Amino acid sequence: MGYDLERFVGGAIERELLCQICAAVLEDPLETPCEHFFCMACMHRWLAVNEICPIDRQPLLAADLKRPSRLLRNLLAQLDIKCDFAENGCNHIVKLENLESHRTGCAKNPDAVIRCDQGCSLQINRSDQSRPCVHHFQDKINSQDMKIQELSNALIDQRAANGVLNDEVEELNEFVFQLEQDIERLTGTPTSKVRFLLNVNVAIVWKTFENMKTDRSNGILENDDRTNQAVAQLAHCLEPSHPSFGLCVLNIGRRGRSGSLIGIGLEEGSEFDSGFAYLNDGKIFLDGKILHIGEAWEEGDYICCDIKFPVNADTIRYISFFRNSKEVFTISSERVHALLPTVWLGPS
């Protein structure tokens, strides 16, 4: 709806400045291709049920509308209009282009935001100035509760959207995996198996568990079945004479998302929700809780776990992970009681 004609001073308003639907002065004007002018709100309501111009009945869509010429906009901007709150006692007359800024700061605007001077100093609507401060606090709490609820609803919606995206990503990953299997069958060449070169003292005997293909003479570990995890563990715990073990990343798998790790403190055959583990995505866990998020492994990286054993009566072990000879994270904890090194190879 446009501005009421009775609010304007300074003489008659030219017909070109009137909406041809509501007959009031144009508010947010729009122009049709046939050069008729209407308020934005009036025109949108009209087009919701009609697809013709209200004046000459020519076909008309919302996409056909445009802002009017600068000349018409300037003529509207220079009209003199009474304040929205004239009935509340405001006697100001302002240019139409300044009406919005005057409305915001008008002393007679009951919805203008002011600071309470009765003690609470909260920002309140002017119309609430006469209410006790306890009501101001209650309004503030209610407002915050509404914002929290809105954020909560937005979070729920976002999680739902993320769930859909995750499902789509899984479907795409499965599609790519099937394509890679087809390529392997046709060419006989593996496309992206996970391969590590294990670097331990030859005197240390290590054993393998299910789904692990190994080349013991060269120390190469490879995921034999690319759809499942594979596990390799040393046959006994690390000790002062052999305080570290490491591996070189030969192939991290499809797009580096293999879920592979090296760890210490895992019981034989256990999941990595216990012990100290360093994943190929850069996360470091202790007993299933994230301690550190770093850079993901890349092919060619050297990943190492090193233990500084107790000296004299000291019972604290210092356990560190290294990437390319740079320390990534160190803990001093007696919680890591089993020092059995483990290598997991995730699905390719």
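The following paragraphs examine the structure supplied in this document. Worth saying up front: this structure is predicted, and the values here are computed from it rather than measured. (Residues numbered from 1 in each chain as written. Predicted model: local features only at pLDDT ≥ 70, side-chain atom pairs only at ≥ 80, totals over all residues. Heavy atoms only, no water.)

A word on the overall build of the chain
Note the following rule: What counts as a helix is a DSSP run of H or I of at least four residues, what counts as a strand is a run of E of at least two, and both are numbered from the N terminus. Burial status follows relative accessibility: with a 1.4 Å probe on protein chains alone, a residue under 20% of its type maximum counts as buried, one over 50% as exposed, and anything between as partly exposed. Note on definitions: a residue-residue contact is assigned when non-hydrogen atoms from the two residues lie within 4.5 Å.
Secondary structure assignment for the chain yields four helices and 21 strands. Going through the 348 residues of the chain one by one, you find that 36% of them count as buried. The contacts in the chain between residues at least 6 apart in sequence include a share of 49% that link residues at least 24 apart.

Overview of the pattern of salt bridges
So the rule is basically this: Any Lys or Arg side-chain nitrogen located within 4 Å of an Asp or Glu carboxyl oxygen qualifies as a salt bridge.
Using the criterion set out here, one finds nine salt bridges in the structure. Here Lys 283 ties to Asp 281 by a salt bridge, and the two come within 3.1 Å at their closest N and O atoms. Under the relative-accessibility criterion, Lys 283 is labelled partly exposed at 25%. Taking the relative accessible area as the measure of exposure, Asp 281 reaches 32% and is therefore partly exposed. A salt bridge links Glu 295 to Arg 323; its shortest N-O distance comes to 3.1 Å. Taken together, the residues Glu 295 in the loop between β17 (289-293) and β18 (302-308) and Arg 323 in strand β19 (residues 318-323) connect sequence positions 28 residues apart. The exposure class assigned to Glu 295 is exposed, which follows from its relative accessible area of 58%. Each of Arg 7, Asp 84, Glu 100 and Arg 103 takes part in a single network of salt bridges with overlapping partners.

Some thoughts on the pairing of strand β16 (residues 283-286)
Definition in use: DSSP calls a pair of strands paired once it identifies at least 2 bridges connecting them.
Here strand β15 (residues 276-279) runs beside β16; their pairing, made up of three bridges, is antiparallel. Looking at the pairing, Tyr 278 lines up with Ile 284 of β16. Between the antiparallel neighbours β15 and β16 lie three residues, among them Gly 282 with a positive phi of about 100 degrees. Examined bridge by bridge, β16 and β17 share four bridges and lie antiparallel to one another. Residue Lys 283 lies in a different strand from β17, and its bridge partner there is Ile 293. Here β16 hands over to β17 after two residues, with Asp 287 in that stretch at a positive phi of 55 degrees.

Considerations on helix α1 (residues 40-47)
The cut-off we apply is this: Note that the arc is defined by the directions from the helix axis to the C-beta atoms.
All of the buried residues in α1 are Cys 42, Met 43 and Leu 47. End-on, the buried residues of α1 take up no more than an arc of 125 degrees, which puts them together on one face. Here the buried face of α1 lies against β3 (37-39).

Some remarks on the environment of Glu 16
Summarising the element assignment, Glu 16 is placed in the loop between β1 (8-9) and β2 (29-31). Taking the relative accessible area as the measure of exposure, Glu 16 reaches 49% and is therefore partly exposed. Taking the C-alpha atoms as reference points, Glu 16 and His 36, 20 residues apart in sequence, are found 8.8 Å from one another. When sequence neighbours within four positions are dropped, the list of residues in contact with Glu 16 reads Leu 26, Phe 37 and Leu 72.

Digging into the sheet that holds β1
For sheets, the rule is that strands pair by backbone hydrogen bonds, running either parallel or antiparallel. Spatial ordering of the open sheet is given by β1-β4-β5, a layout of three strands whose pairing is antiparallel. Since the sheet does not close on itself, it has two edges, and those belong to β1 and β5 (93-95), each with one partner. Alignment of β1 against strand β4 (residues 80-82), held across two bridges, turns out to be antiparallel. Across the sheet, the residue bridging to Val 9 is Asp 80, located in β4.

A word on the packing of aromatic side chains
Heads up, the rule is: Side-chain rings of Phe, Tyr and Trp (the six-membered ring for Trp) are treated as a pair once their centres are within 6.5 Å; stacked means planes under 30 degrees apart, edge-to-face means over 60, and tilted covers the remaining angles.
Here the structure, examined in full by the defined rule, presents four aromatic pairs. Ring plane angle 45 degrees and centroid distance 5.3 Å describe the contact between Tyr 278 and Phe 321, whose orientation is recorded as tilted. Highlighted residues: Tyr 278 in strand β15 and Phe 321 in strand β19, separated in sequence by 43 residues. Each of the two residues, Tyr 278 as well as Phe 321, counts as buried. Taken together, the ring pairs connect Phe 276, Tyr 278, Trp 297 and Phe 321 into an aromatic cluster.

With respect to helix α2 (residues 70-77)
Listing the buried residues of α2 in full gives Leu 72, Leu 76 and Ala 77. The buried residues of α2 occupy one face: seen down the axis, they fall within an arc of 140 degrees. The exposed residues of α2 that point more than 90 degrees off its buried face are Arg 70 and Leu 71.

What to know about a negative patch on the surface
Put simply, the rule reads: Patch building starts from residues that exceed 30% relative accessible area and form no salt bridge, then joins like charges within 9 Å and nonpolar side chains (Val, Leu, Ile, Met, Phe, Trp, Tyr) within 5 Å. What sets the accessible areas is the Shrake-Rupley method with a 1.4 Å probe; for residues, cover comes only from the shown protein chains. Working convention for charge: Lys and Arg count positive, Asp and Glu count negative, and His plus the chain ends are omitted. A single reference atom marks each charge: NZ on Lys, CZ on Arg, CG on Asp, CD on Glu.
A contiguous patch of negative charge, built from Asp 167, Glu 168, Glu 170 and Glu 171, is present on the exposed surface. As for its position among the elements, Glu 168 is in helix α4 (residues 133-187). With a relative accessible area of 40%, Glu 168 lands in the partly exposed category.

Concerning the nonpolar core
What counts here: For our purposes a nonpolar core is just a set of buried Ala, Val, Leu, Ile, Met, Phe, Trp, Tyr and Cys residues, chained together by side-chain atoms within 4.5 Å.
Formed by 26 residues in total, the largest nonpolar core has its most connected members in Phe 196, Leu 247, Ile 262, Ile 264, Phe 276, Trp 297 and Val 343. Listing elements by their share of this core, those giving two or more residues are β12 (230-234), β13 (244-251), β14 (261-264), β15, β16, β18, β19 and β21 (342-345). Counting 25 residues, the second largest nonpolar core, distinct from the first, contains Ile 13, Leu 17, Met 43 and Cys 53.

Regarding the environment of Thr 32
Mapped onto the fold, Thr 32 is located in the loop between β2 and β3. Take Thr 32: its relative accessible area is 1%, and that puts it in the buried class. Between the alpha carbons of Thr 32 and Leu 60 there is a distance of 7.8 Å; along the sequence they are 28 residues apart. Not counting chain neighbours up to four residues away, the residues in contact with Thr 32 comprise Phe 38, Leu 60 and Leu 65.

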